[in-house]
Each structure stands twice: as structure tokens, then as C-alpha cells.
Protein chains: 2
Amino acid sequence: MPATAVSCLTLNRLSLYLRCLRQLQRRGVHRISSQEMARRFDLSASQIRKDLAQFGEFGIRGVGYDVDQLLARLRGLLGLDRPHNLVVVGLGHLGSAVARHFASNHRAFRVVGLFDNDPAKIGQELEGLAIRAIGEVAAVVAETAAEIGVLAVPADVAQEVYDRLVEAGIESVLNFAPVQLRQSPRVRCRTVDLRIYLEELVYFLESDGATSRALGKPGR
Amino acid sequence: MPATAVSCLTLNRLSLYLRCLRQLQRRGVHRISSQEMARRFDLSASQIRKDLAQFGEFGIRGVGYDVDQLLARLRGLLGLDRPHNLVVVGLGHLGSAVARHFASNHRAFRVVGLFDNDPAKIGQELEGLAIRAIGEVAAVVAETAAEIGVLAVPADVAQEVYDRLVEAGIESVLNFAPVQLRQSPRVRCRTVDLRIYLEELVYFLESDGATSRALGKPGR
DNA sequence: GATTGTGAATAGATTCACAGCT
DNA sequence: AGCTGTGAATCTATTCACAATC
């Protein structure tokens with residue numbers, strides 16, 4: 001039924017619902033209405049319904065949604081019922097942390113390759129996996145059918161490494177380098193710049209706290 | 001003159017423009033038009049103009065924008081011309097990496113406190129700063145006038161630690177725990193769940209790659 | 001009586017297209 | 001001639017309100 005393209009906003013909310021449902025499941029809740037869910041997690045009930053309705057009829061009128069069933073459906077919908085292989089390139093602090101973060105926790109994701117160009121790091125192990133030279137990435141991607149590349153390299157080499165991953169046949173990229181990558185049409189890239197989140201918070205600090213001073217020009 | 005509230009989307013784009021302008025500055029570009037900027041970084045020219053126009057007239061008609069000047073203006077606008085103090089709570093892999101990430105790189109942000117509840121970690125140093133017990137957070141926030149708290153603790157204690165930060169007088173929170181926090185109206189909280197980004201990529205993997213199979217029901 | 005699923009209404013964001021400067 | 005700044009037009013997203021269902 002998804003003839004209509006799904007928006008990123010909707011999609012991210014589906015992930016959110018998944019998270020909420022997991023929490024409900026852990027607490028032994030088996031049935032929930034959109035209203036109750038909205039109340040508990042500070043969401044919008046009609047939005048939940050509309051988001052879900054895009055993909056089918058998952059609820060029972062007059063009753064609500066079955067938590068286990070909805071969870072399973074959402075997982076299937078998002079493709080999380082099959083495992084997905086990742087490679088991580090760049091094992092500085094952030095890269096290592098992200099590799100570990102994704103390696104533990106999550107059944108749906110498996111880290112199958114670690115790459116760096118620092119000779120001191122090559123050969124070391126992280127979570128039982130050896131760090132290899134970046135030159136081997138194509139071989140590993142081919143061998144493991146890795147779909148996603150996580151890019152945690154310095155900004156000035158990010159483009160080069162992205163291009164390499166594209167060439168290696170990776171299907172999409174999660175980029176932590178603070179650059180706007182020139183993208184291949186074949187390979188979707190999602191950039192996550194942690195600094196942007198801080199900057200967002202700072203702006204609201206100023207504007208909430210200092211409504212009084214906001215009248216004076218804030219330049220310079 | 002921001003009498004009008006600025007949307008988050010706009011705000012995040014301003015951060016993005018800042019990043020692009022920095023790159024231009026490094027390359028010795030002194031003047032740029034919205035079109036050229038759009039072309040180089042794969043953005044929309046009219047959107048750039050509209051976003052900037054919300055805050056004043058920064059460009060010169062017929063000419064374009066002065067890179068240095070616009071950079072300075074944006075920095076001021078976003079509040080990045082003053083330093084902001086951070087505390088990081090939870091120094092597992094992700095917390096440590098984020099602490100280091102924010103401690104280096106960025107002039108506008110200063111990490112002034114590190115907290116954990118693991119006795120093995122307390123007393124250790126990270127980037128020249130000692131890790132302290134979470135009980136001391138109120139004192140440190142008061143003493144350093146820290147504005148932002150970075151939350152990198154396990155999901156099941158995130159709410160508790162958030163509440164503690166609120167009580168300690170922190171002004172906003174960047175949360176990496178995958179939970180929907182019950183928020184204080186006083187303290188803005190931005191949650192960043194790295195897993196959501198992966199899930200987004202996975203969805204598009206399925207839907208791009210498998211347009212053929214998308215006709216069959218994707219359930220189960 | 002309660003709650004879903006959904007068309008219609010509203011609100012918000014983006015793009016267009018051009019008047020107004022330089 | 002070229003590019004900004006901006007109202008108007010379009011597109012997208014969210015919320016409302018209610019008929020359909022259990």
C-alpha cells in the first residue's frame with residue numbers, strides 16, 4: 001500500500017512509536033489507545049493514528065491497539081525484522097563509541113567491519129572485531145553484504161571516504177562529519193552534526209532567557 | 001527583530017549555513033551569492049535568502065553576501081559569540097566521546113563538569129577534567145554557571161538524572177538516551193537518538209531497492 | 001461508550017516571481 | 001545586469017471533527 005512516499009518526519013515518528021511501544025511492552029501493557037499513548041509520551045493522538053493509517057489498519061475501533069502486534073508490524077514496516085550489516089569508518093573517539101553503541105543494544109544491526117587509516121589502530125580489536133585498513137573496505141562490503149556505512153572521519157577527508165564507500169557498493173551512509181557531502185544519487189546519506197543540536201539549544205537559551213534584551217539588536 | 005518565533009527548521013539551517021560559510025572562509029572566498037552557495041552545498045537559494053531575511057538585511061543587492069561579515073552576524077545571532085558551559089553526565093563510551101568531541105573543536109562550548117555514578121570512574125580524568133559523583137552536580141552548575149547538560153546515561157535512569165539537572169539549575173539538556181523524557185517547562189530538552197537515524201536509512205534501503213517487492217504486503 | 005480511520009480545515013514551510021537596490 | 005528581499009502561490013504537515021466500527 002505505500003504507493004505514496006512516506007515523509008521523513010513520519011518515518012522518524014514511527015521509530016519513536018516503536019521506542020514507546022517497547023517501553024510499554026516491558027511494563028506489561030498489552031493494549032493501548034492513541035490517546036493514552038499520547039498522554040504518556042507527550043505526543044499527539046491524531047497524529048499517531050494518521051501516521052499508522054498510512055500503512056494499514058492496525059487498531060481495533062472502540063478498543064485501541066495491541067501492543068505486541070503493533071510492535072511487530074512496525075518493525076516489519078521499518079525493515080527491522082531482518083538484520084542489517086554496518087561498517088564503521090574512522091575509529092576516533094566518536095567512531096569507536098558509535099561502533100560500540102550500535103554493536104551492543106541492537107539486534108537489528110550488526111557491525112561487520114571497522115576501518116581506519118591510522119597504522120597504530122589497524123590490527124587492534126574493538127568488540128571482538130579487528131580494525132582494518134580502509135583499502136580493504138570494498139572486499140569486506142562485498143563479502144558481508146554490508147548495507148550501511150557509518151562515517152566518523154575528520155571533516156576534510158569525509159568526501160573522499162564517502163566516495164570510496166559508494167564505490168565499494170555500500171547502499172547508504174550515516175555521516176557524523178560536519179560537512180555537506182556531494183552525494184551520489186544511488187547512495188542516500190544522512191548527516192548528523194552533533195554541534196547543530198547544541199547550537200539549537202543555545203539559541204533558545206538566549207531567546208527564552210533574554211526576551212527583555214531581544215529588543216536591542218543582537219548583532220556583533 | 002525576532003518578534004516572530006523562529007522555527008527549529010530555520011534554526012538548524014542557520015547552523016548549516018554557518019558551517020558552509022566557515023568552509024568558504026577557509027578557502028579564501030570573500031563574497032558569495034545565494035545562488036552560488038546553493039549550488040556548492042546543494043541547498044535552495046530562495047530559502048537561504050528567506051532564512052537570513054528573518055533577521056535583517058545582511059546582503060547587498062546586485063552583489064551578494066560578505067562571507068566574513070555574514071559569518072560574524074550569524075554567530076552573534078545564534079549566540080555563539082559568547083562561550084557556553086556544559087556538563088556531561090554519564091561517561092560510558094558515548095558520553096566520553098561526546099565530551100571529548102565538544103571539548104576540542106569548538107570555541108563556543110566549554111566542558112566544565114563530568115559526572116558519573118560508577119565509583120571506578122569517579123576521580124579519573126578526561127581531557128584534564130576530573131570525573132565527579134553525580135551528587136556534586138548542583139554545586140558545579142552553580143559555581144560554573146553551566147547552561148547545558150549533556151545526558152548520556154542509560155535509558156532507565158535518564159528521567160531521574162534529567163530531573164536532577166533541572167533541580168541543579170541547568171537551563172537546557174541534550175539527551176542521548178532513547179527515551180521520551182517528561183520535561184520541565186523551564187528546561188528545554190533536545191533528544192538525539194542515534195538509532196533513529198539508522199532506522200531511517202534502513203527504511204529507504206527497503207523502499208528504494210525493492211520497489212518491485214513493495215507491491216506485495218511487507219508485513220511480518 | 002469508546003476509539004479508530006479519514007476527509008475537511010488549518011497551520012506551517014517552501015518555492016516562485018518580481019519589485020527594488022547597487 | 002545582477003542579486004537581494006519579499007509578497008503571493010504552492011506545497012506539505014498537523015489538527016479537527018465525525019462517521020464507521022467494535
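Data block above holds the structure.
Please read all numbers here as calculations on a predicted model, not as lab measurements.

Thresholds applied
- Residues numbered from 1 in each chain as written.
- Chains lettered and ligands numbered in written order.
- Predicted model: local features only at pLDDT ≥ 70, side-chain atom pairs only at ≥ 80, totals over all residues.
- Heavy atoms only, no water.
- Helix = DSSP H or I, 4+ residues; strand = E, 2+ residues; numbered from the N terminus.
- Expected span 1.5 Å × (residues − 1).
- Buried < 20%, exposed > 50% of the residue type's maximum accessible area, 1.4 Å probe, protein only.
- Polar contact = N/O pair within 3.5 Å; in protein donor to acceptor, adjacent residues only side chain to side chain.
- Least-squares fit on C-alpha atoms with pLDDT ≥ 70 in both.
- Contact = heavy atoms within 4.5 Å.
- Pairing = 2+ DSSP bridges.
- Axes fitted to C-alpha atoms, helices over the stretch in contact; angles between N-to-C directions.
- Salt bridge = Lys/Arg side-chain N within 4 Å of Asp/Glu carboxyl O.

Draft legend 1. Expanded view of helix H4 (residues 67-78) of chain B. All names here are of chain B. Given a rise of 1.5 Å per residue, twelve residues ought to cover 16 Å, and the 16 Å separating the end C-alpha atoms of H4 matches this to within 8%. Looking at H4, one finds that the buried residues are Val-67, Leu-70, Leu-71, Leu-74, Gly-76, Leu-77 and Leu-78. You can read the cap of H4 off the contacts: a side-chain oxygen lies 3.1 Å from the backbone nitrogen of Asp-68, and it is on Asp-66. Looking at the residues trailing H4, positive phi occurs at Gly-79, about 80 degrees.

Draft legend 2. Geometry of the relation of the copies chain A and chain B. Overlaying chain A with chain B gives an RMSD of 0.0 Å, the required rotation being 180 degrees about an axis along which the chain moves by 0.0 Å. Here the symmetry operator amounts to a two-fold rotation axis. The C-alpha atom lying nearest the rotation axis in chain A is that of A:Ala97; the distance is 3.1 Å. Looking at chain A, 100% of its interface residues are interface residues in chain B too, so the copies touch through the same face.

Draft legend 3. Region of the structure containing the sheet that holds strand S3 (residues 84-89) of chain B. Residues and elements named next belong to chain B. Overall, mixed pairing links the seven strands, which are arranged S5-S6-S4-S3-S7-S8-S9 in an open sheet. The sheet is open, and its two borders are formed by strand S5 (125-126) and strand S9 (188-191), each paired with just one other strand. Summarising the sheet, strand S4 (residues 109-116) and strand S6 (residues 129-133) pair through three bridges and their orientation is parallel. Each bridged residue has a counterpart across the sheet, and for Asp-116 the counterpart in S6 is Ala-133. Against the sheet, helix H7 (residues 155-168) makes contact with S3, strand S7 (148-151), strand S8 (172-175) and S9, and its axis sits at roughly 170 degrees relative to S7, the strand it touches most.

Draft legend 4. Seen up close, the pattern of salt bridges. Taken as a whole, this structure holds 20 salt bridges over all chains when the rule is applied. Here A:Arg13 and A:Asp51 are joined by a salt bridge, their closest N and O atoms 2.7 Å apart. Linking A:Arg13 in helix H1 (residues 8-26) with A:Asp51 in helix H3 (residues 45-53), this pair joins segments that are 38 residues apart in sequence. Its relative accessible area of 21% is what places A:Arg13 among the partly exposed residues. Notably, a salt bridge pairs B:Arg82 with B:Asp81, separated by 2.9 Å at the nearest N-O pair. Given a relative accessible area of 30%, B:Arg82 falls into the partly exposed group. For B:Asp81, a relative accessible area of 38% puts it in the partly exposed group. Look at the salt bridges and you will find they share partners, linking A:Glu36, A:Arg39 and A:Arg40 into a network.

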